[in-house]
Amino acid sequence: MNKKAIKILLNTIKTSQNESVRDWFYWETYMQYISEDDFEYAKKHSVMYDQEEISHDEICRRIKRAVAGIEKQKVVDAFVYSLGTRQLEYRSFLSSYCIAESLEEHSFTPSPEPNEGICAICGLHTYEFEDPIEFNTINYFKYKDGCCFDSLIQILFDLEQFPKLPVVKPNENDYKILNELKGIIETSEPNDRISQLKKKISKIIKSNDEERLGLLEILGVIGILHDDAHFGYADQYVTYPEREHRPIRNDDVGYPARWWQGKFGIDDEKWKYWFEDN
Ligand SMILES: [Zn+2]
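Caption draft 1: Fine view of the side chain of Ser188. Along the chain, the position of Ser188 falls in the loop between α10 (172-186) and α11 (194-201). Of the residues examined, Ser188 reaches a relative accessible area of 12% and is grouped as buried. Here the side chain of Ser188 touches Ile184 through a polar contact of 3.2 Å, landing on its backbone oxygen. With residues up to four places along the chain from it excluded, the contact list for Ser188 reads Leu197, Lys200, Trp260 and Gly262.

Caption draft 2: Spatial organisation of the layout of surface pockets. The volume enclosed by the largest pocket comes to roughly 1,400 Å³. When contributions to the lining of the largest pocket are tallied by element, the ones reaching two or more residues are α2 (27-30), α7 (126-129), α8 (136-145), α9 (152-161) and α12 (209-221). With 5 residues, the single largest contributor to the lining of the largest pocket is α12. Across the lining of the largest pocket, the residue classes tally to 20 nonpolar, 9 polar and 9 charged.

Caption draft 3: View of the coordination of the zinc ion. Binding of the zinc ion to the protein goes through His56 (NE2), His106 (NE2), Cys119 (SG) and Cys122 (SG), at separations of 2.1 to 2.3 Å. The coordination sphere of the zinc ion comprises 4 donor atoms, whose angles at the metal cover 99 to 114°; the geometry is tetrahedral. Mapping the donors of the zinc ion onto the primary sequence gives the spacing H-x49-H-x12-C-x2-C. Pair noted here: His56 is in helix α4 (residues 56-68) and Cys119 is in the loop between α6 (93-102) and α7, with a separation of 63 residues, a long-range link. Under the relative-accessibility criterion, His56 is labelled buried at 2%. Note on Cys119: relative accessible area 0%, which makes it buried.

Caption draft 4: Looking closely at the packing of aromatic side chains. The tally for this structure, following the rule as stated, stands at 17 aromatic pairs. When the ring of Tyr90 is compared with that of Phe93, the centres are 6.3 Å apart and the planes differ by 75°; the resulting orientation is edge-to-face. Note on Tyr273 and Trp274: the rings are 4.8 Å apart at their centroids and 75° apart in plane angle, and the pair reads as edge-to-face. Lying across the ring of Tyr41, Lys4 places its NZ or CZ 4.2 Å from the centre. Between the NZ or CZ atom of Lys72 and the centre of the ring of Tyr273, over which it lies, the distance is 3.7 Å.

About the criteria used
- Residues numbered from 1 in each chain as written.
- Predicted model: local features only at pLDDT ≥ 70, side-chain atom pairs only at ≥ 80, totals over all residues.
- Heavy atoms only, no water.
- Helix = DSSP H or I, 4+ residues; strand = E, 2+ residues; numbered from the N terminus.
- Buried < 20%, exposed > 50% of the residue type's maximum accessible area, 1.4 Å probe, protein only.
- Polar contact = N/O pair within 3.5 Å; in protein donor to acceptor, adjacent residues only side chain to side chain.
- Contact = heavy atoms within 4.5 Å.
- 1 Å grid on protein atoms, 1.4 Å probe; cavity = no way out; pocket = protein on both sides within 12 Å on 5 of 7 lines; lining within 4 Å.
- Points joined across faces, edges and corners; volume = space filled by probe spheres on them.
- Nonpolar A, V, L, I, M, F, W, Y, C, P; charged D, E, K, R; others polar.
- Donors = N, O, S within 2.8 Å, 3.2 Å for Na, K, Ca; no water.
- Tetrahedral: all angles 85-135°; square planar, octahedral: opposite > 155°, others 65-115°.
- Phe/Tyr/Trp six-rings, centres within 6.5 Å; stacked < 30°, edge-to-face > 60°.
- Lys NZ or Arg CZ within 6 Å of the ring centre and 35° of its normal.

The following block contains the structure:
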């Protein structure tokens, strides 16, 4: 991807965060910090986008259309490639693909009162799609942290972005890191949770804390890190009410990695499905 375009995106959002601490993520806010020429340049290189009006049902339809055009092996390659190269924008395609594959196209289905504004299947809130949707903050987090996504708006963006990035192939070093990652998970202490695992993997993968969290959350979504009651999306779509929180304050780990402990080890079948069956 075009380096200058990426820099424009990162600078714009960073400036917005610094200048407008509380509302930096709104389109109206961050667009104050970019010139028209820079925005056009970033758009031309598929790094920034205009807002778009998309209904809940159209979001589902477009996700299914996008995922139908993507080969599993290509998103696996992208994920493994991201490990050694630290090209973080390649990382989340794997989990986004897994969620999209399991998703069934559905119409907006209100949750029981008082949450009727939330879809009982996917968890999208009406306020997320009743106004035009912006995608630039999603792309910012892809480039900055390689975040794991689970909202359907993020999934849609990620999968429609995938064919626009150059195809990549992992090398020996990337696979070496993947195997070390497996070894660390397998030899975890029974009571370890994601915070301990993050520390342990920092020795094998050049990364900051946010990147490590995103990486482990991706392994949760694709079915590798879970407990015996909360599973990822590889076998079936996890609906909004099924994505339970742990009964603690401030659990900032995504579903289902937040439920994992060392004693549950690694899901060998899913590891094989993603990384060995090809
Ligand atoms: Zn829904």
